[in-house]
Amino acid sequence: MSKTRNLPWVEKYRPEQLNDLISHTDIVSTITQFIKEDRLPHLLLYGPPGTGKTSTILAVAKQIYSPKEFSSMVLELNASDDRGIGIVRGQVLNFASTRTIFKSGFKLVILDEADAMTKDAQNALRRVIEKFTENTRFCIICNYLSKIIPALQSRCTRFRFGPLKTTQMVPRLQHVIAEESVTVTEAGMKALITLANGDMRRALNILQSTSMAYDLVDEDSVYNCVGHPLRQDIENIVNWLLNESFCKAYNNILEMKTAKGLALQDILSEVHTYIHRVDMPVKVQIHLLIKMAEIEHRLASGTNERIQLSALVASFQTARELVCHDSLRVSS
Ligand SMILES: Nc1ncnc2c1ncn2[C@@H]1O[C@H](COP(=O)(O)OP(=O)(O)OP(=O)(O)O)[C@@H](O)[C@H]1O
Ligand SMILES: [Mg+2]
C-alpha cells in the first residue's frame with residue numbers, strides 16, 4: 001500500500017489482469033481465447049487515448065509470462081524510444097532473432113504508440129515480422145490506424161478500442177472514489193464523464209486533481225479545476241452576445257475570460273452546443289454556426305484570441321441584424 005501511495009491514480013488503478021478491464025469485453029474474450037489455445041496472432045490495437053490499449057497488452061503479457069520471464073520474453077518500445085529504422089534493425093531484430101532459452105513459447109514485442117514510427121521503420125518491420133513469426137509475436141498499438149502502412153496492417157489481427165461508455169466508466173470511477181474516500185456529488189460525476197469524453201485516463205486525472213484541490217468534487221469544482229467554463233458562465237456569455245452592444249459584450253467576455261483563465265476554444269464549443277438548443281430562425285442559426293466553425297478553424301491554427309473573440313461577438317451582432325430584418329419584413 002505504501003508503495004503505491006504516491007502513484008497517480010491512472011497507474012495505481014491500471015487494470016492488472018484482463019478481467020479487470022471494464023470495456024471491450026468482446027476483444028478481451030477473443031484475446032483470452034487466443035491465449036488459451038496458444039494461437040496468439042500478431043496484434044494491432046488502435047483507438048483514441050485512454051481506452052485501455054496499453055493496459056490490455058500489458059495484462060496479456062502478464063497472463064502469458066511469469067514475473068521472472070517478463071523481462072527476457074517481452075520487449076516494450078514506446079514513443080520515448082527512437083522510432084527510426086535503426087531500432088528495427090537493431091533492438092527489435094536482435095530480440096526477435098535470439099532463441100528463447102527458458103521457455104518454448106514465443107516472445108512478445110510491444111510497439112506502443114507506433115504512430116510515431118517512420119515509414120522506413122515500418123517497412124523494415126514487414127520482413128522482420130514474417131521471418132520471426134515462429135518464436136515472436138508483435139503487438140502494434142496506435143491512435144490512428146492511417147499512420148500504419150497497409151502491409152503491416154494486413155499482417156496483424158486488428159482490434160479497435162472505441163471510447164468508453166458512461167455505463168462502463170461510472171462503476172470504475174465509483175470504485176476509485178470508494179477506495180480513495182473522495183466525496184463526489186452526482187453532478188460532479190456527470191461533469192467528470194462529460195469532460196472525459198470516453199477517455200478513462202482523463203476521467204481519473206481530473207478526479208484526482210479536483211479531489212486534491214477541493215474537499216467536495218461537485219460540478220463547479222470539476223469545471224474550475226480544469227479551467228472549463230461553468231454552465232452559468234456560458235449562459236451569461238450567450239446572454240451578453242444576444243443582448244448587449246458590441247463593446248459591452250466584448251469587454252464582459254474578455255473580463256470573464258481573464259478572471260477565470262478560460263480558453264476561447266472551450267467557450268466556443270460550449271456556446272456552440274448552446275446555440276443548437278436555442279430556438280431561433282434557421283437562417284440565423286446557420287449563419288452563426290458557419291461563423292463559429294470559421295473561428296474555430298482559425299483558432300486551431302494559432303491566431304490571436306482577442307481578434308477571434310471580437311469576430312465571435314461580431315457574428316452575433318450580424319445575426320441579430322438578420323433577425324431584425326426578418327421581423328421587419330414580416331411586420332411590413
Ligand atoms: N478499459 C479500461 N478499463 C479499466 N481502466 C482503464 C481502461 N482504459 C483505460 N483505463 C485507465 O486509464 C489508464 C490509461 O489507459 P491505457 O494506458 O491503457 O490507455 P491507452 O489506450 O494505451 O491510451 P494511449 O493511446 O494514450 O496510450 C489506465 O491506467 C487505467 O487506469
Ligand atoms: Mg498507451
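That block above? That's the structure.
Residues numbered from 1 in each chain as written. Chains lettered and ligands numbered in written order. Predicted model: local features only at pLDDT ≥ 70, side-chain atom pairs only at ≥ 80, totals over all residues. Heavy atoms only, no water.

1. Focus: the pattern of salt bridges
Thought 1: Inspection of the entire model under this criterion finds 11 salt bridges.
Thought 2: Among the salt bridges present, the one from Glu-37 reaches Arg-39, with a minimum N-O distance of 3.3 Å.
Thought 3: Taking relative accessible area as the criterion, Arg-39 reaches 53% and is therefore assigned exposed.
Thought 4: Put simply, Glu-130 and Arg-127 hold a salt bridge, and the shortest N to O gap is 3.3 Å. With Glu-130 and Arg-127 both in helix α6 (residues 119-131) and three residues apart, this pair spans about one turn of that helix.
Thought 5: When salt bridges that share partners are traced, they join Arg-127, Glu-130 and Arg-155 into one network. (Salt bridge = Lys/Arg side-chain N within 4 Å of Asp/Glu carboxyl O. Buried < 20%, exposed > 50% of the residue type's maximum accessible area, 1.4 Å probe, protein only. Helix = DSSP H or I, 4+ residues; strand = E, 2+ residues; numbered from the N terminus.)

2. Concerning the packing of aromatic side chains
Thought 1: Enumeration over the complete set of coordinates arrives at one aromatic pair.
Thought 2: It is Lys-107 that lies over the ring of Phe-95; its NZ or CZ is 4.5 Å from the centre.
Thought 3: Sitting above the plane of the Phe-106 ring, Arg-137 keeps its charged end 4.7 Å from the centroid. (Phe/Tyr/Trp six-rings, centres within 6.5 Å; stacked < 30°, edge-to-face > 60°. Lys NZ or Arg CZ within 6 Å of the ring centre and 35° of its normal.)

3. Structural notes on the environment of Arg-202
Thought 1: Its location among the elements puts Arg-202 in helix α10 (residues 200-213).
Thought 2: Of the residues examined, Arg-202 reaches a relative accessible area of 37% and is grouped as partly exposed.
Thought 3: It is 18 Å that separates the C-alpha atoms of Arg-202 and Ala-178, two residues lying 24 residues apart in sequence.
Thought 4: Those residues in contact with Arg-202, other than ones at most four positions away along the chain, are Leu-195 and Ala-196. (Contact = heavy atoms within 4.5 Å.)

4. A few points about the sheet that holds strand β4 (residues 136-142)
In any sheet, the strands associate via hydrogen bonds between backbone groups, in a parallel or an antiparallel arrangement.
Thought 1: One open sheet holds the five strands; their spatial order is β2-β3-β4-β1-β5, and the pairing between them is parallel. The outermost strands of the open sheet, each flanked by one partner alone, are β2 (74-77) and β5 (157-160). In this sheet, adjacent strand axes meet at a mean angle of 15° when their direction is disregarded.
Thought 2: Note: β2 against strand β3 (residues 107-111), four bridges, orientation parallel. Across the sheet, residue Val-74 finds its bridge partner in β3, namely Leu-108.
Thought 3: Against the sheet, helix α2 (residues 25-36) engages β1 (43-46) and β5, with an angle of about 150° to β5.
Thought 4: Where helix α3 (residues 53-64) meets the sheet, it contacts β1, β2, β3 and β4, and its direction lies at approximately 165° from that of β4. (Pairing = 2+ DSSP bridges. Axes fitted to C-alpha atoms, helices over the stretch in contact; angles between N-to-C directions.)

5. Some remarks on helix α15 (residues 282-300)
Thought 1: Over its 19 residues, α15 runs 27 Å from end to end, which matches the ideal 27 Å to within 8%, given 1.5 Å per residue.
Thought 2: Those residues of α15 not exposed but buried are Val-284, Gln-285, His-287, Leu-288, Met-292, Ile-295 and Leu-299. Taken around the axis of α15, the buried residues stretch over an arc of 160°, which confines them to a single face. Away from its buried face by more than 90 degrees, α15 exposes Val-282, His-297 and Ala-300. (Expected span 1.5 Å × (residues − 1). Arc of directions from axis to C-beta.)

6. Overview of the site of ligand 1
Thought 1: Taken together, 19 residues lie near ligand 1, and Val-10, Gly-50, Lys-53, Thr-54 and Ser-55 sit nearest.
Thought 2: Measuring from an oxygen atom of ligand 1, one finds a backbone N or O atom of Thr-51 at 3.2 Å.
Thought 3: Take Arg-201: an N or O atom from its side chain is 2.9 Å from an oxygen atom of ligand 1.
Thought 4: Bound to the protein, ligand 1 loses 96% of the 630 Å² it would expose on its own.
Thought 5: Only α3 and α10 provide two or more residues apiece to the shell around ligand 1.
Thought 6: In the shell around ligand 1, the residues fall into eight nonpolar, seven polar and four charged.
Thought 7: In terms of domain composition, the shell around ligand 1 takes at least three residues from each of domain 1 (9-160) and domain 2 (166-226). (Near = heavy atom within 4 Å. Polar contact = N/O pair within 3.5 Å; in protein donor to acceptor, adjacent residues only side chain to side chain. Areas by Shrake-Rupley, 256 points an atom, 1.4 Å probe, with all protein chains shown as cover. Nonpolar A, V, L, I, M, F, W, Y, C, P; charged D, E, K, R; others polar. Domains from an automatic or database assignment.)

7. Some thoughts on the packing of helix α9 (residues 186-196) against α10
Thought 1: Close contact between α9 and α10 brings their axes to 8 Å; oriented N to C, the two are set at 135°. Our classification of the angle between α9 and α10 gives oblique. Taken as a pair, α9 and α10 cross one another with a handedness that is right-handed. Along the contact surface, α9 presents Leu-192, Leu-195 and Ala-196, while α10 presents Arg-202, Ala-203, Ile-206 and Leu-207.
Thought 2: Of the residues that constitute the contact of α9 with α10, the class distribution is six nonpolar, no polar and one charged. (Parallel < 35°, antiparallel > 145°, perpendicular 65-115°, else oblique. Left-handed = near helix turned anticlockwise from the far one by under 90°.)

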